[in-house]
Each structure stands twice: as C-alpha cells, then as structure tokens.
Amino acid sequence: MRYQLPKTRPGQVVGLLGGSFDPPHAGHVHLTREALKRFGLNRVCWLVSPGNPLKSRGPAPLAKRMAAAQAIMNHPRVSVSDFEARVGTRYTAQTLAALRATHPGVHFVWLMGADNLAQLDQWQDWRWIMDSVPLGVLARPGQRISARMSKAARTYAHARLPGRMSQLLARAEAPAWCFINMPMRTISSTQLRQRGDWTG
Ligand SMILES: Nc1ncnc2c1ncn2[C@@H]1O[C@H](COP(=O)(O)OP(=O)(O)OP(=O)(O)O)[C@@H](O)[C@H]1O
Ligand SMILES: O=C(O)c1ccc[n+]([C@@H]2O[C@H](COP(=O)([O-])O)[C@@H](O)[C@H]2O)c1
C-alpha cells in the first residue's frame, strides 16, 4: 500500500505544516496549536522537508530533524512525517498533488507563518497551490505587513476570508486563504542555530 499520513481518515480536515524544522522549536508548536483551534482542524501533520528549494544552505540530516520534531511536538492530534522524502519531492505543489492522490476524501489545508506568504510567489506552481488547497496563514513577528503587501496576498485578495470566519476555511473551495492574528513568538531556527543550540 502507498504511504499514508498517520491516523488520517476520509472526511477529516487536516492541516499540513511544511518546514525545514532545522531545528524545530516552540514557535512551530505554538503555530500548530493555534491552527488546530482557529481553523477547527481534526489533525495537523508536520511535513519535514528534505530541503527547502529556495534555501542554499542544506539542513541537518532528515533523521535528526525528524527525531527532534517528534520529541518537541507532543499532541494526540499532531503527527510528524517524512512524506516528501518518501515520495521524492521537495516542491509543495508536487507534495500536495501526491497527498491528494493518496488520501481521497481528506480536506487538506496548507499552513504557514506570515514570512512564507511574503515569498509564496517564488514557489514552483504557486498559483496552482492557491487554486487547489485552502491556505491558513499565521502571524509572525515583523512579517505582518510584508505578508499583507505580498504578490500572493494582492493577487488573491478576492479569495481572502476574514479572520473571524477562520472556522470555514478548511471546507471552503480553493482559492481561499485566511490570515490569523495570534499572540506571537519571536523564536526562529536561525536564532537557535546562531546560538549554537543545534549543529547539523
Ligand atoms: N515563531 C513563529 N511564528 C509563526 N510561524 C512560524 C514561527 N516559526 C516558524 N514558523 C512557520 O513554520 C513553518 C516552518 O518554519 P521553519 O522550519 O522554516 O522555521 P524558521 O524558524 O522560519 O526557520 P529559519 O529561521 O531557518 O528560516 C514556516 O511556515 C514558518 O513561517
Ligand atoms: O515548492 C516550492 O517551490 C517551495 C519553495 C520554498 C519553500 N517551500 C516549502 O515551504 C515550507 C516552509 O519552508 P521553510 O524552509 O521556510 O521551513 C516547506 O514545506 C518547503 O518545502 C516550497
């Protein structure tokens, strides 16, 4: 049988948090807990990337990042997966196409921090992503304005759900996206690497 995300069933709404997780930290955990509540998700799955195509620096080995992610993200409705390495992709559009093919009946929502929305128009097939899967964006310190002014936000302004309607996002037909304000955490992987708390 083809690889399935853990505990994911048809009819569920499942948030996907793709990331380098180099290393995973409390900001990822906080985003995940907020997304579960604010978007009314059944589950969230962290997709630990083999390597972000836009980052020149290679991350720490996947096994190390997977183990650290599993150790920090302790919640009965959250799992951590190396799906992308298993199917051999690092591009989100290809990941989503593979997930949809292998999980019929599951409503996926792609989750991201506001910094990723600011760069979304540089991703491979980004319009296809917007046209195919609802997008949940969560505030990140210093990134609110760049996210709101981004090409993706402007191009898809008509498809934006106001934050107070966030519970409708997961079952909305794409394109649909929603920006959620939440109490923010300044922590980042860059900070942790610079402090020497994580070596590749
Ligand atoms: N503190 C945070 N608040 C909100 N979103 C966050 C936070 N940290 C990470 N994210 C989001 O989590 C996802 C994965 O992030 P990633 O693994 O790149 O961590 P990072 O801290 O941004 O790493 P780096 O500093 O190396 O760029 C991205 O969508 C990112 O926007
Ligand atoms: O598909 C792309 O072109 C693409 C470009 C940049 C980033 N991404 C994805 O965005 C997610 C967040 O990446 P990162 O490194 O900011 O944690 C992760 O799943 C990456 O694979 C995807």
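Being a predicted model, the structure only gives us computed values, none of them experimental.

Visitor: Whenever I open this one, the overall build of the protein confuses me. Can you help?
Guide: The number of helices and strands found in the protein is nine helices and seven strands. The C-alpha atoms of the protein give 16 Å as radius of gyration, which agrees with the globular expectation for 200 residues (16 Å, within 12%). Seen through its C-alpha atoms, the protein measures out along the principal axes to roughly 45 × 45 × 30 Å. Of the contacts formed within the protein by residues at least 6 apart in sequence, a portion of 77% connects residues at least 24 apart.

Visitor: I keep staring at the site of ligand 1 and nothing clicks. Help me out?
Guide: In the vicinity of ligand 1, 19 residues are found, and the nearest of them are Gly-19, Gly-27, Gly-113, Ser-189 and Thr-190. If you tally residues by element for the shell around ligand 1, the top one is helix H1 (residues 26–38), at three residues. Among the residues forming the shell around ligand 1, the class breakdown is six nonpolar, nine polar and four charged.

Visitor: Explain H1 to me, please; I cannot follow it from the model alone.
Guide: Each α-helix turn comprises 3.6 residues. Residues three or four places apart therefore point the same way. When the terminal C-alpha atoms of H1 are compared, their 18 Å separation across 13 residues agrees well with the 18 Å that a helix rising 1.5 Å per residue should span. Along H1, the residues classified as buried are Gly-27, His-28, Leu-31, Thr-32 and Ala-35. Buried residues along H1 cover an arc of 135° about the axis, so they all sit on one side. Facing away from the buried side of H1, by more than 90 degrees, are the exposed residues Ala-26 and Lys-37. Among the structural elements, strand S1 (13–19), strand S2 (43–48), strand S3 (78–81), strand S4 (107–113) and strand S5 (135–138) are those in contact with the buried residues of H1. Gly-40 occupies a position one or two residues after H1 and carries a positive phi of about 60°.

Visitor: Can you help me understand the sheet that holds S5 in this one?
Guide: Hydrogen bonds along the backbone pair up the strands of a sheet, which may run parallel or antiparallel. Sheet architecture is open: seven strands sit in the order S3-S2-S1-S4-S5-S7-S6, paired in parallel fashion. Because the sheet does not close on itself, it has two edges, and the strands there are S3 and strand S6 (160–161). By the bridge criterion, two bridges tie S6 to strand S7 (residues 177–180) in an arrangement that is parallel. Paired with Arg-160 across the strands is Trp-177, a residue of S7.

Visitor: So what exactly am I meant to see when it comes to the pairing of S2 here?
Guide: Looking along a regular strand, one sees the side chains alternate between the two faces of the sheet. Summarising burial for S2: six of the six residues are buried, a large majority. Neither face of S2 is exposed, since Arg-43, Cys-45 and Leu-47 on one face and Val-44, Trp-46 and Val-48 on the opposite face are all buried. Two elements, S1 and S2, share six bridges in a ladder whose sense is parallel. In the sheet register, Gly-15 faces S2, and the bridge partner there is Val-44. In this view, the connection linking S1 to its parallel neighbour S2 by way of H1 has right-handed handedness.

What counts and what doesn't
Residues numbered from 1 in each chain as written. Chains lettered and ligands numbered in written order. Predicted model: local features only at pLDDT ≥ 70, side-chain atom pairs only at ≥ 80, totals over all residues. Helix = DSSP H or I, 4+ residues; strand = E, 2+ residues; numbered from the N terminus. Rg over C-alpha atoms; globule rule 2.2 N^0.38 Å. Contact = placed C-beta atoms within 7 Å. Near = placed C-beta within 6 Å. Nonpolar A, V, L, I, M, F, W, Y, C, P; charged D, E, K, R; others polar. Expected span 1.5 Å × (residues − 1). Buried ≥ 20, exposed ≤ 12 C-beta atoms within 10 Å, placed from the backbone. Arc of directions from axis to C-beta. Pairing = 2+ DSSP bridges. Right-handed = clockwise from strand over helix to strand, strands pointing away.

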